[in-house]
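Reading the structure
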Amino acid sequence: VTDAVHKNGGKIFAQIWHTGRVSHPYFYEGDEVLAPSPVKVEGTVPRMRNLEYQTPTPMTQAQIQQMVEDFAQAASNAIDAGFDGVEIHGANGYLVDQFLHYSSNTR
């Protein structure tokens, strides 16, 4: 895809993100949802209304550090794949945003 965009004179960026507490283990065969604090989102998962959001497990310092490393690796992988840049999605209630809001981060 990146080669086709460049061949036509375009630029292409990758957007990386983590959903944090607005995820569900169903999507990644896990057993817990990680977030800054154990603050549950009320309601059901869009397009999967039979799945209710779960109370997340607060991330440990080690898990936060690993997440930072994972974001760095994802960005490096995107550049290696030919993307011109990388954007970290840090808004709209995803993990980075969750750390910045008092309603989802009670640390």
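Quick look at the structure, then. (Residues numbered from 1 in each chain as written. Predicted model: local features only at pLDDT ≥ 70, side-chain atom pairs only at ≥ 80, totals over all residues. Heavy atoms only, no water.)

On to a nonpolar patch on the surface, then. Residues Tyr26, Phe27 and Tyr28 make up a contiguous nonpolar surface patch of roughly 350 Å² in combined accessible area. Assessed through its relative accessible area of 38%, Tyr28 is described here as partly exposed. (Patch = residues over 30% accessible without salt bridge, like charges linked within 9 Å, V, L, I, M, F, W, Y side chains within 5 Å. Areas by Shrake-Rupley, 256 points an atom, 1.4 Å probe, with all protein chains shown as cover. Salt bridge = Lys/Arg side-chain N within 4 Å of Asp/Glu carboxyl O. Buried < 20%, exposed > 50% of the residue type's maximum accessible area, 1.4 Å probe, protein only.)

An ideal rise of 1.5 Å per residue puts 28 Å on 20 residues; helix H2 (residues 61-80) measures up with 29 Å between its terminal C-alpha atoms. For H2, the complete set of buried residues consists of Met67, Phe71 and Ala78. The buried residues of H2 occupy an angular sector of 40° when the element is viewed end-on, so they sit on one face. Away from the buried face of H2 by more than 90 degrees, exposed residues Gln61, Ala62 and Asp80 are located. (Helix = DSSP H or I, 4+ residues; strand = E, 2+ residues; numbered from the N terminus. Expected span 1.5 Å × (residues − 1). Arc of directions from axis to C-beta.)

So, on to the nonpolar core. Nonpolar side chains tend to gather and get buried jointly when the protein is soluble and globular. Among the nonpolar cores identified, the biggest contains six residues, and these are Ile16, Leu34, Met59, Met67, Phe71 and Leu95. Ignoring sequence-local partners within four residues, the contact set of Met59 consists of Leu34, Ala35, Pro36, Ile64, Met67, Leu95, Phe99 and Arg107. (Core = buried A, V, L, I, M, F, W, Y, C linked by side-chain atoms within 4.5 Å. Contact = heavy atoms within 4.5 Å.)

This part is about the side chain of Thr2. Assignment of secondary structure puts Thr2 in helix H1 (residues 2-7). Assessed through its relative accessible area of 8%, Thr2 is described here as buried. Residues in contact with Thr2, not counting those within four places in the same chain, are Ile12, Ala81, Gly82 and Phe83.

Of note, Glu29 is situated in the loop between strand S1 (13-16) and strand S2 (34-35). As a C-alpha pair, Glu29 and Lys7 span 22 residues in sequence and 38 Å in three-dimensional space.

With that out of the way, let us pick up unusual backbone geometry. One non-glycine residue, Arg47, adopts positive backbone phi at about 65°. Tracing the backbone through its elements, the reader meets Arg47 in the loop between strand S3 (44-45) and strand S4 (48-52). With a phi angle near 60°, Asn92 is a residue other than glycine that sits in the positive phi range. By secondary structure assignment, the location of Asn92 is in the loop between strand S6 (85-88) and helix H3 (95-100).

We now examine the packing of aromatic side chains. Ring pairs (aromatic) are described by centroid distance and by the angle formed between their planes. Overall, the coordinates contain two aromatic pairs when judged by the stated rule. Taking the centre distance of 5.2 Å and the plane angle of 85° together, the rings of Tyr26 and Phe27 count as edge-to-face. You can call Tyr26 exposed: its relative accessible area is 51%. Owing to a relative accessible area of 47%, Phe27 belongs among the partly exposed residues under this scheme. (Phe/Tyr/Trp six-rings, centres within 6.5 Å; stacked < 30°, edge-to-face > 60°.)

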